[in-house]
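Observations on the three-dimensional arrangement
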Amino acid sequence: MSVPRSLRVTLILALIAIGIPAAAQGQRAMTIVDLLNLPNISDPQLSPSGGQVAYVQSETDWKNNRRVTHIWRVNRDGSGTVQLTRGERGESNPRWSPDGATLAFVTRRDGDEVNQIYLLSTEGGEARRLTKHETAVRNITWSPDGRLIYFVAPDPKTAELKDREKAKDDVYAFDENYQQDHLWKATVATAADERVTSGDFSISSYNLSRDGTRIAHHRAPNPLFGYSLHGEVWVMDASGANAVQLTKNSVPEGGATLSPDNSRVLFTAQANEKFEPYYNANIFVVPASGGSPRDLTATIGHEIESADWSKDGRAIFFVANMGVHGELFEMAAEGGAPRQLTDGRHALRGWSFEPGPGRHVFSIDEPSNAGDIWTMPMGGAPERVTHVYDSLAKDFRLPRQEKAEWKGADGVTVEGLVFYPLDYKEGQRYPLVVQTHGGPQASDKFGFGRWNNYTQVLAALGYVVLQPNYRGSTGYGDPFLRDMVGSYFKNSHLDVMAGVDHLITLGIADGDRMAKMGWSGGGHMTNKIITFTNRFKAAASGAGAANWISMYAQSDVRTYRTPWFGGTPWQKNAPTDLYWAHSPLKDVANVTTPTIFLVGEEDVRVPMPQSIEMYRALLSNGVPTHLYVAPREPHGWQEIRHELFKVNVELDWFETYVTKRSYTWEKAPEDKKEPAKTTTAEASR
């Protein structure tokens, strides 16, 4: 039955009168599938003229159980959006030629055994393959004259090794079975490639100077992640000759970039001015000929996420993590007080500066926008480019998101984010889900989030969500970050519980209906919390540590763990008592909270045995528990159906033990006609 126009107008006026926007009436709550289908924008690249932006956008392929990325292009004013590539395996790493006439990118197409460089005219047509490299190509950069494209690729396996693998005579030496990564260059006119570096080291990243004559880069002993602290900053000629080592320390570094006149190199390092480890990342500048690096941001107190020189080299632009938000700054190249260029309830992603047009390009991740692309001229304001996420606020009811502050047990101010239930009413208490971020050297910021935290779905089910930036988080100064040095669970877990009590005191959260969850560092925290208190009715621990002693050896990285406990567990007079004192497994007999554990079968960061130890302990002690293992998955799950399972099983667990409600599992789009899955609670009975 149609509604008369006069009545429709009356209804709209009535809704406006009571404060409900008319447009909101067509909105609905987001589902898990909605979140999994959300495209992701990354790697925005401003053209040399500043008139266009190329970027990478993902799409969810349920049939093949994966996400595929393609390259898109848009005019700076937001017009002329076009998808440039549609390969079955996807494409990445778009880079403009200096004249703006060609886009180079990386993909694997029919006939390719590994990723290669392809070239596509910006006027249209078919892309042509440039390289036929034996190993996979990545991290491409044009020379300023457009004649060359530099890239990084692993060294090929020797003929002997290939023969052994073919014969299955393939026993290998653990942590020695790698090929070094080196820098190459391909000549665009002839497609011939040529080695730039060689030797018993790996090029982890590099930046070509603006005149194309020099290369600032990072060399590590090998490509293994755990050896990043042994990497150093180097500079060399573009030919690979005259290499000079600029640093010699034991801290992770990144972003080495030559100044416009090639006289200096800036880089970031997680260190103080003495290059002592475990600090918020700072900007350092060192003469390109060698010398002592200067820390330019020691007094700022925030974490530096990325940095680059201005057009004339007199200033440095950088993105800083300020806790629950990230902002762009400018400071004099000699140091001094920085000037903040952006300000908002947001995080900045994928920032870079294009010196030709003198413009910044970045994505802005906001509570109602998952990261559309913006540009900003020097001295100007941000200007919107893409509109990929316009439908989010229009089509969906999204949770209110606010910053909260509270005092830790020792009186230090702690903050975090609170997401309110969709139908929140002042004075009513709601079930609470506490989500702790990983890292722990990280922070939760304002933004739309992604599928793994699914705050939109939790808000639709009536939960309030707390994301605390507990002690050990970045962006709040070095004392706040370094509270974990010598004592991982000194104040961090107390900060989380103080945040919980803060929401209870405000009358927002129901202290009798609470759940705890987190992944990686958030899983470590979850494992600690359930041994520390029985106040939570349910918990979900993803890839969390149980035993810091065994974890130290099992993981592919130890860089951040040694400072926590003041040494290795293997050294003479090892601090094993401290390692064990902070291991959740030590107090696992205290656990009464029904807890599920999730881990990837191929996780080398927090390997599966850590979850097995927690699971078997709870099982032995009669605490309701399950351990879910995702085949083929690394530390961060990537297969769509595994991701859907993770959210479903956690929601099922929370609904069973926190709210006592039944839960119907969401299906993949093509599976919706199948019978509803038996809930975890039913399977446990």
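Residues numbered from 1 in each chain as written. Predicted model: local features only at pLDDT ≥ 70, side-chain atom pairs only at ≥ 80, totals over all residues. Heavy atoms only, no water.

1. A short note on the overall build of the chain
Along the backbone of the chain there are 14 helices and 38 strands. By the compact-globule yardstick of 26 Å for 685 residues, the chain fits well, its C-alpha radius of gyration being 26 Å. Expressed along its principal axes, the backbone C-alpha trace of the chain runs to roughly 80 × 65 × 60 Å. Residues classed as buried in the chain amount to 55% of the 685 residues present. (Helix = DSSP H or I, 4+ residues; strand = E, 2+ residues; numbered from the N terminus. Rg over C-alpha atoms; globule rule 2.2 N^0.38 Å. Buried < 20%, exposed > 50% of the residue type's maximum accessible area, 1.4 Å probe, protein only.)

2. Some thoughts on the side chain of Q441
Mapping Q441 onto the fold places it in the loop between strand 33 (430-436) and helix 5 (455-460). Contact partners of Q441, with chain neighbours within four places excluded, come to Q270, Y278, Y279, G472, T474, L481 and Y560. (Contact = heavy atoms within 4.5 Å.)

3. Observations regarding the sheet that holds strand 38 (residues 625-630)
Backbone hydrogen bonds hold the strands of a sheet together, and the pairing may be parallel or antiparallel. Overall, mixed pairing links the eight strands, which are arranged 31-32-34-33-35-36-37-38 in an open sheet. Each edge of the sheet is formed by a strand with only one pairing partner; in this case those strands are strand 31 (401-407) and strand 38. Each neighbouring strand pair of the sheet contributes to a mean axis angle of 20°, computed without reference to strand direction. Summarising the sheet, strand 32 (residues 413-419) and strand 34 (residues 464-469) pair through five bridges and their orientation is antiparallel. Each residue of the ladder has a partner; that of V418, found in strand 34, is L466. Sheet strands touched by helix 7 (residues 492-505): strand 31, strand 32, strand 33, strand 34 and strand 35 (509-519). Its angle to strand 31, the strand with the most contacts, is close to 110°. Along the sheet, helix 13 (residues 640-659) makes contact with strand 33, strand 35, strand 36 (538-542), strand 37 (595-600) and strand 38, crossing strand 35 at roughly 155°. (Pairing = 2+ DSSP bridges. Axes fitted to C-alpha atoms, helices over the stretch in contact; angles between N-to-C directions.)

4. Notes on the nonpolar core
Ranked by size, the top nonpolar core spans 91 residues in total, and within it L432, Y454, W548 and F654 carry the most contacts. Looking at this core element by element, the count peaks at eight residues for helix 13. Apart from the residues lying within four places of it in its own chain, the contact partners of Y454 are L35, M517, K646, V647, E650, L651 and F654. In terms of nonpolar packing, the next biggest core, distinct from the first, is built from 15 residues, V233, V235, A256 and F275 among them. (Core = buried A, V, L, I, M, F, W, Y, C linked by side-chain atoms within 4.5 Å.)

5. Describing helix 12 (residues 608-620)
Relative to the 18 Å expected for 13 residues at 1.5 Å per residue, helix 12 spans 18 Å between its end C-alpha atoms, a close match to the ideal helical length. For helix 12, every residue scored as buried is listed here: Q610, S611, M614, A617 and L618. For helix 12, the angular spread of buried residues about the axis comes to 130°, placing them on one side. Among the exposed residues of helix 12, those oriented more than 90 degrees off its buried face are R616 and S620. Buried residues belonging to helix 12 abut helix 8 (521-532), helix 9 (548-554), strand 37 and strand 38. Taken from the residues just after helix 12, G622 is the one with a positive phi, measuring 80°. (Expected span 1.5 Å × (residues − 1). Arc of directions from axis to C-beta.)

6. Concerning the environment of N75
Positionally, N75 belongs in strand 4 (residues 66-75). Taking relative accessible area as the criterion, N75 reaches 25% and is therefore assigned partly exposed. A sequence separation of 310 residues divides N75 from V385, and the C-alpha atoms of the two residues are 7.5 Å apart. Dropping the residues within four chain positions of it, N75 is found in contact with G51, Q52, G80 and V385.

7. Digging into the sheet that holds strand 21 (residues 294-295)
Read from one edge of the open sheet, four strands run 18-19-20-21, paired in antiparallel fashion. For this open sheet the edge positions go to strand 18 (253-258) and strand 21, each flanked by a neighbour on one side alone. Relative to strand 21, strand 20 (residues 277-287) runs antiparallel, the two being bridged by two bridges. Each bridged residue has a counterpart across the sheet, and for V285 the counterpart in strand 21 is R294.

8. Remarks on the pairing of strand 31
Judged from the seven bridges that link them, strand 31 and strand 32 form a sheet pairing that is antiparallel. By the bridge assignment for strand 32, K407 is matched with T413. Taking the residues between adjacent antiparallel strands as the criterion, strand 31 and strand 32 are bridged by five residues, where G411 takes a positive phi near 90°.

9. Here's the deal with helix 13
For helix 13, built from 20 residues, the straight-helix expectation of 28 Å at 1.5 Å per residue is met to within 8% by its first-to-last C-alpha distance of 27 Å. With respect to burial, helix 13 is a largely interior element, 17 of its 20 residues being buried. Of the residues one or two after helix 13, K660 is the one with positive phi, at around 65°.

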